[in-house]
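Here's the letter readout for the chains.
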Amino acid sequence: MDGAAELVFCVNGRKVIEKNVDPETMLLPYLRKKLQLTGTKYGCGGGGCGACTVMISRYNPITKRIRHYPANACLLPICSLHGAAVTTVEGVGSTKARIHPVQERIAKCHGTQCGFCTPGMVMSIYTLLRNHPEPTLDQLTDALGGNLCRCTGYRPIIDACKTFCKVSRHERIIESTSPKLFSEEEFLPLDPTQELIFPPELMIMAEKQPQRTRVFVGDRMTWISPVTLKELLEAKVKYPQAPIVMGNTSVGMWNSGGAFHPVIISPECIEELSVVNHADDGLTLGAGLSLAQVKEILKTQTYHALLKHLGTLAGCQIRNMASLGGHIVSRHLDSDLNPLLAVGNCTLNLLSKEGERQIPLNEQFLTKCPSADLKPGEILVSVNIPYSRKWEFVSAFRQAQRQQNALAIVNSGMRVFFGEGGGIIRELSIAYGGVGPTTICAKNSCQKLIGRPWNEEMLDAACRLILDEVSLPGWAPGGKVEFKRTLLISFFFKFYLKVSQILKTMDPVRYPGLADKYESALEDLHSRNHWGTSKYQDVDPKQLPQDPIGRPIMHLSGIKHTTGEAIYCDDMPVLDGELFLAFVTSSRAHAEIVSIDLSEALSLPGVVDIVTEEDLRGVNSFGLFDKGLSVQAKRAAKRVKIVYQDLEPVILTIEEAIRHHSFFQGERKLEYGNVDEAFKVVDQILEGEIHMGGQEHFYMETQSMLAVPKGEDQEMDVYVSSQFPKYIQVTWVAATLKVPANKIMCHVKRVGGAFGGKVTKTGIMARPGVIKHGCPVRCILERGEDMLITGGRHPYLGKYKAGFMNDGRILALDVEHYCNGGSTLDESLFVIEIGLLKVDNAYKFPNLRFRGWACRTNLPSNTALRGFGFPQSGLITENCITEVAAKCGLSPEKVRMMNMYKEIDQTPYKQEIDATNLIQCWKECMATSSYSLRKVAVEKFNSENYWKKKGLAMVPLKFPVGVLSTAAAQAAALVHIYLDGSVLVTHGGIEMGQGVHTKMIQVASRELRMPMSNVHLRGTSTETVPNANVSGGSLVADLNGLAVKDACQTLLKRLEPIISKNPKGTWKDWAQAAFDESISLSATGYFRGYESHMNWETGEGHPFEYFVFGAACSEVEIDCLTGAHKNIRTDIVMDIGHSINPALDVGQIEGAFIQGMGLYTIEELKYSPQGVLYTRGPDQYKIPAVSDVPTELHVSFLPPSQNSNTLYSSKGLGEPGVFLGCSVFFAIHDAVRAARQERGLLGPLKLDSPLTPEKIRMACEDKFTKMIPRDEPGSYVPWNIPV
Ligand SMILES: Cc1cc2nc3c(=O)[nH]c(=O)nc-3n(C[C@H](O)[C@H](O)[C@H](O)COP(=O)(O)OP(=O)(O)OC[C@H]3O[C@@H](n4cnc5c(N)ncnc54)[C@H](O)[C@@H]3O)c2cc1C
Ligand code: FES
Ligand code: FES
């Protein structure tokens, strides 16, 4: 072994040599901090979000081929990169050199909003194009499967990438938007010859260098990279406990809670581990092949079942990093491949110093039984996968929370062998994942079924045997116990049907086959190959061509997002003497701290100080500082020992809060008409309730802050990712330091997504971050801590009593709302108030009573999230309407239409409303979606398919916009004209992806009648615009735009005499002339806020300025056996007044819709019965991915309408679209109802939100759900509780 190894690799074509590399260093921090390549982003640190995607290229001196693949830099130890070429987004293109067509197209197709996910998206597509310059649509969706975006809703990203696809030319014609949001003709062509070449130096190195084991020694870890099988075995003998790291996607998780390994053995380019050998009886695959390579190899073979799982296993990056051997040996409980390999009679070829041997990949191996496992010193070289024989069938099944890039809840491999004819089971193997500590085989059940014919009796017996053998206790980790039990046998039923169908095709005489109606159980649901249209308003033909208002201008930072040049808080270079702040969080929901032992933490090198509650006085959190290296501060945080004394009662759920009367202040109430009297005259009364889970913001950029003391006069600059700089400045930093606010300046260049989560919560970092030291302090929350600490959307319980006539008219409604506020008030009461004011959604209820309470519980405090109470409140109302419709035997859409506001009316708080455009949106949505025709088609489909059902639902939207007070809506701007004629605009709004800065430049350009290129905007700062209100509530462009307009008009008025004297002059001439005449070239602009007020005593007011109207119609298909659903199509129609920028506005609507769809269907927060949040990253919490976007998504606007008080008659669109996501919820509801009706279940249907696969499956009751054992409530402590 070579003791003094040098690590050599290339980054963007430049050679990097590391002499004393620390093996613990991951590529992501190395790129960001050491090489200052900050385009590659941190989003989760666990391979789950794709923000850190880079391209790795490796040259194989034997095959002489270069392999390019995408990888997650957060899981790549740099020691594994010897000889590799790394390409980051900076190496793909930049504004300084040339931008790459991928970057150009994503930006110009409006595929970026906050831009934080964008470099990762660029790298995934760039790598795809390096391998396939004209990819198929399937390859495209596959390539994007491992990248999450929280802002765009993916459609524009897909559109951009589709421009590279071979097939897209034809499709592009069908899809062309009218008028277009982007022009393809302008795009740079893709020229593969222009790409960065693989560094010849690395090629020569690979060819020429004598191959020797490399050893890298760090403080805590030693990394050994053997290059021959012999050396690998030697290393393994020497360090039998050391893991063999291939992809590091399993071992690498030690950073987020896994085991730490002092020695790592990571083989490199060992030929024997990459073997592919086709023999007569099967295929032998090297353990070192990546799962992506296995997928490619199997394509030419008949291993359909394995291929099926390889298509959904993780994202493209992980599949390219993870190895077959690593996957098998890890034996994860939810491994997708092990159940299949186990039932497929695969064998493992092992090697040690003692020689070779073979072991079966069977139950004993999977349960790590010592006699069937690898011995210390032994390695897995390859895997034999036998071909299937005639009359042998293998199938794979899996159900996850999300279609793609989500670990299975339950998966399974099943194999049956009949032998020649006869239909008698000769061999049967069934293995499951997700239902035990590792893959579980139903061996005894299979044994008992041997010799039986493949018929219904066998099916029945098999289900009972399986349920008996694979038993799951009620408290089983992961929860969803009854769902998992149901899946065990639902999968077997699918297998039964599948085999029966094949038997029929093989021997139609002997095997009768299935009724058509039941064949629907066989098809998998899969949304792919998306297409969409956007129909928006075109500008008035008379509008001047240079006037940008109303035009689809690209996001100002669009190109910089794609090149990685857009700077976020943590992209700022490390400063001299900088400290890093890490948090120690409580492990108890409700307890007193008895003692804290800091000694171990303080003894760690680099730890400078600890801030505790004593320093903060009243703030129950504390943090640690560390010099420079964030890793050490985080390590130290884990070593703080705290003794707690638990306190009673622990209140976690809304129900518990109601029981203990634990509320923040009293009830909020709104009453209209006379509810009690109305209940006396109605035909029917219905009472119901719905529970709605919370939602995590999942902004891609976690909470970030850098506080920099200026060293003079107690001044401090705080760079922060916040929606509310004034709050950080005044309430947190100035108050903590006890200095006037004029000494503290907060700066926000841009925010990588916020959605309400960066209003109050950012303050958590500010106090401990500034209190103690005169040094710069940086704090960047890890994804897990961010999710744990910062709360999210409030879970809700809605109870309602509706009085209605048999024709569907609702005459009386009595509603109660309870939200789970968590431990502090934050904005919980405001959320309840807004929820109450918006509870009527689009309906005129002549008599109503709304009451709401914010529950105080011991959970982390919840806060604002896009929509602010309306997504919950609206869902409760729509659910009530859906139930009323069921009672009346009418379609929900009919009852919705019947109860809608019509023309001029009055809201429950007596504000006037003109509902003309609401009705218009509804009618247009009905028409564009062909609702009536499709309703008939859905019914026909449902009558022909027993195991799959479709559902169609349409919901209206009336979203009131306003913040209930005039002062809260004031805004200011500052506009300077410089002597060269260029203009600088500043305003109080924060750019968090919605494109407000782009719109502000459009405003300045129109008002000053100058091209947009002449106007610049640097960011938001308390130094230029003081006391700015929070950026939120869909109003940022509305309010700040009026202020910018005011400032520009002031300037123009001052300059008009000068301009009229020299009308042909340039801005430079006019600015100079103004200067010479001592006319100020700087102006502030101000908007005092919309007149608004609300009196809760009288229940009257004018809290909102205007209403955004809309409607959405969604169609889904569900699999009644697994609970999977597919989003087939959504049509959205919105009344947005006059759009300032239709590209940005479409983006807001689509992004909000997809976020809402996630909220109502798959995003599920999980808490332990002790109140500990389990869901702390993208591996456990699923936001929509590219595969969840409806296959068809059509967005259109009503023709422009006047909206007298707003900026150019525009409307705010940041939030309204979230609620439209519930059209998917009700479409699923519709499908479930159809399934239940067919099964004779005609009673009320209670479905809570989110409507996950678990809830869908369990609601589609059938003989399988009846068969499963049920646990007596109270007889066990469940793994998780709904809060
Ligand atoms: C974000 C993410 C998503 C995922 N999604 C899925 C999913 O949907 N479905 C699924 O099934 N899995 C999923 N996984 C798990 C993934 O499949 C495994 O982590 C991966 O296959 C492990 O392979 P590796 O090469 O990275 O293993 P490594 O981490 O390198 O090694 C894992 C273990 O295998 C041992 N080992 C490796 N090679 C050998 C060998 N040749 N001989 C002896 N021992 C060896 C090591 O000692 C170590 O203990 C996901 C993982 C991540 C990070
Ligand atoms: S940061 Fe690497 S995948 Fe999320
Ligand atoms: S643009 Fe994708 S996360 Fe913001």
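Quick caveat, the model's predicted, so the values are computed rather than measured.

Trainee: Can you help me understand the nonpolar core in this one?
Mentor: Side chains of a nonpolar character, in soluble globular proteins, are inclined to be buried together. If you look at the biggest cluster of nonpolar residues, it comprises 291 residues, and the most contacted ones within it are Tyr-432, Trp-454, Phe-492, Val-718 and Met-1134. Residues within four places of Trp-454 in sequence aside, it is in contact with Val-416, Phe-418, Gly-423, Ile-425, Leu-428, Phe-492, Phe-495, Tyr-496, Val-499, Ser-500 and Leu-503. Membership of the second largest hydrophobic core comes to 68 residues, among which are Val-86, Met-321, Leu-380 and Cys-441.

Trainee: Explain the UniProt feature "binding site: FAD" (unreviewed entry) in the protein chain to me, please; I cannot follow it from the model alone.
Mentor: According to UniProt, the "binding site: FAD" (unreviewed entry) feature falls on Ile-244, Val-245, Met-246, Gly-247, Asn-248, Thr-249, Ser-250, Val-251, Asp-336, Leu-380 and Arg-398. These annotated residues cover 155 residues of sequence, and their C-alpha atoms reach 28.3 Å apart at the extremes, leaving them scattered rather than at a single site. Of note, Thr-249 is situated in the loop between helix 9 (229-238) and strand 8 (263-265). Relative accessible area serves as the criterion here: at 21%, Thr-249 is assigned to the partly exposed category.

Trainee: Where do I start with the packing of helix 3 (residues 101-108) against helix 4 (residues 118-131) in this structure?
Mentor: Look at helix 3 against helix 4: their axes get within 9 Å of each other, and the N-to-C directions meet at 130 degrees. With respect to helix 4, the axis of helix 3 lies oblique. Viewed along their axes, helix 3 and helix 4 form a crossing whose handedness is right-handed. Within the contact between the two elements, helix 3 uses Val-102, Gln-103 and Ile-106 and helix 4 uses Thr-118, Met-121, Val-122, Ile-125, Tyr-126 and Leu-129. A class-by-class count of the residues in the contact of helix 3 with helix 4 yields seven nonpolar, two polar and no charged.

Trainee: How should I be thinking about the site of ligand 1 in this particular structure?
Mentor: Near ligand 1 lie 34 residues; those nearest to it are Ile-244, Met-246, Thr-249, Ser-323 and Asp-336. In this structure, an oxygen atom belonging to ligand 1 sits 2.8 Å away from a main-chain N or O atom of Val-251. In this structure, an oxygen atom belonging to ligand 1 sits 2.9 Å away from a side-chain N or O atom of His-327. The fraction of the free accessible surface of ligand 1 (980 Å²) that becomes covered by protein chains is 92%. For the shell around ligand 1, the secondary-structure elements that each account for two or more residues are helix 13 (324-330) and strand 13 (379-386). When residues in the shell around ligand 1 are grouped by element, the largest group, five residues, is from helix 13. Here the residues of the shell around ligand 1 sort into 18 nonpolar, 13 polar and three charged.

Trainee: I tried to follow the packing of aromatic side chains on my own but got confused; where do I start?
Mentor: Given two aromatic rings, one states the distance between the centres and the angle between the planes to describe the pair. Inspection of every chain in the model, using the stated rule, returns 34 aromatic pairs. Both rings, one in Tyr-1174 and one in Trp-1279, keep their centres 3.8 Å apart while their planes meet at 0 degrees; by these two values the pair is stacked. Taken together, the positions of Tyr-1174 in the loop between helix 37 (1142-1161) and strand 45 (1192-1197) and Trp-1279 in the segment after helix 41 (1263-1267) put the pair 105 residues apart, joining distant regions of the chain. Overall, Tyr-1174 belongs to the partly exposed group, its relative accessible area being 23%. Of the residues examined, Trp-1279 reaches a relative accessible area of 22% and is grouped as partly exposed.

Trainee: When you look at the sheet that holds strand 7 (residues 222-225) in this model, what are you seeing that I'm missing?
Mentor: In any sheet, the strands associate via hydrogen bonds between backbone groups, in a parallel or an antiparallel arrangement. An order of 6-7-8 is seen for the three strands of this open sheet, with the pairing classed as mixed. Both outer strands of the open sheet, strand 6 (214-217) and strand 8, are each paired with one neighbouring strand and no more. The sheet shows a mean angle of 10 degrees between the axes of neighbouring strands, taken without regard to direction.

Trainee: What should I look at first to understand the UniProt feature "binding site: [2Fe-2S] cluster 1" (unreviewed entry) in the protein chain in this one?
Mentor: Residues annotated by UniProt as "binding site: [2Fe-2S] cluster 1" (unreviewed entry) correspond here to Cys-44, Cys-49, Cys-52 and Cys-74. Sequence-wise these annotated residues cover 31 residues; spatially they are packed, their C-alpha atoms never more than 10.2 Å apart. Within the secondary structure, Cys-49 sits in the loop between helix 1 (27-34) and strand 3 (53-60). Excluding anything up to four places from it in sequence, Cys-49 contacts Gly-43, Cys-44, Gly-146, Asn-147, Leu-148, Met-700 and Pro-1178. For Cys-74, the position within the fold is in the loop between strand 4 (65-72) and strand 5 (85-87). Setting aside anything within four residues of it in sequence, one finds Cys-74 in contact with Met-26, Leu-28, Gly-45, Gly-46, Gly-47 and Cys-52.

Trainee: Just checking my understanding: could you explain the packing of helix 17 (residues 456-469) against helix 18 (residues 481-506) for this structure?
Mentor: Any two packed helices are characterised by the angle at which their axes cross and by the distance between the axes. Running from N to C, helix 17 and helix 18 cross one another at 155 degrees; their axes reach a closest spacing of 10 Å. The orientation of helix 17 with respect to helix 18, classified from their angle, is roughly antiparallel. Regarding helix 17 and helix 18, the two cross each other, and that crossing is right-handed. For the pair formed by helix 17 and helix 18, the contact residues are Glu-456, Met-458, Leu-459, Ala-462, Cys-463, Ile-466 and Leu-467 on the first element and Arg-485, Leu-488, Ile-489, Phe-492, Phe-493 and Tyr-496 on the second.

Trainee: Would you mind going over the environment of Arg-639 with me for this structure?
Mentor: Here Arg-639 shows up in the loop between helix 23 (630-638) and strand 23 (641-646). The class for Arg-639 is partly exposed, based on a relative accessible area of 29%. Counting along the chain gives 39 residues from Arg-639 to Glu-600, while the straight-line C-alpha distance between them is 6.0 Å. When near neighbours in sequence (up to four residues on either side) are disregarded, Arg-639 contacts Asp-597, Glu-600, Ala-601 and Leu-604.

What counts and how
- Residues numbered from 1 in each chain as written.
- Chains lettered and ligands numbered in written order.
- Predicted model: local features only at pLDDT ≥ 70, side-chain atom pairs only at ≥ 80, totals over all residues.
- Heavy atoms only, no water.
- Core = buried A, V, L, I, M, F, W, Y, C linked by side-chain atoms within 4.5 Å.
- Buried < 20%, exposed > 50% of the residue type's maximum accessible area, 1.4 Å probe, protein only.
- Contact = heavy atoms within 4.5 Å.
- UniProt positions renumbered as here; feature names shortened; annotations may be inferred.
- Helix = DSSP H or I, 4+ residues; strand = E, 2+ residues; numbered from the N terminus.
- Axes fitted to C-alpha atoms, helices over the stretch in contact; angles between N-to-C directions.
- Parallel < 35°, antiparallel > 145°, perpendicular 65-115°, else oblique.
- Left-handed = near helix turned anticlockwise from the far one by under 90°.
- Nonpolar A, V, L, I, M, F, W, Y, C, P; charged D, E, K, R; others polar.
- Near = heavy atom within 4 Å.
- Polar contact = N/O pair within 3.5 Å; in protein donor to acceptor, adjacent residues only side chain to side chain.
- Areas by Shrake-Rupley, 256 points an atom, 1.4 Å probe, with all protein chains shown as cover.
- Phe/Tyr/Trp six-rings, centres within 6.5 Å; stacked < 30°, edge-to-face > 60°.
- Pairing = 2+ DSSP bridges.

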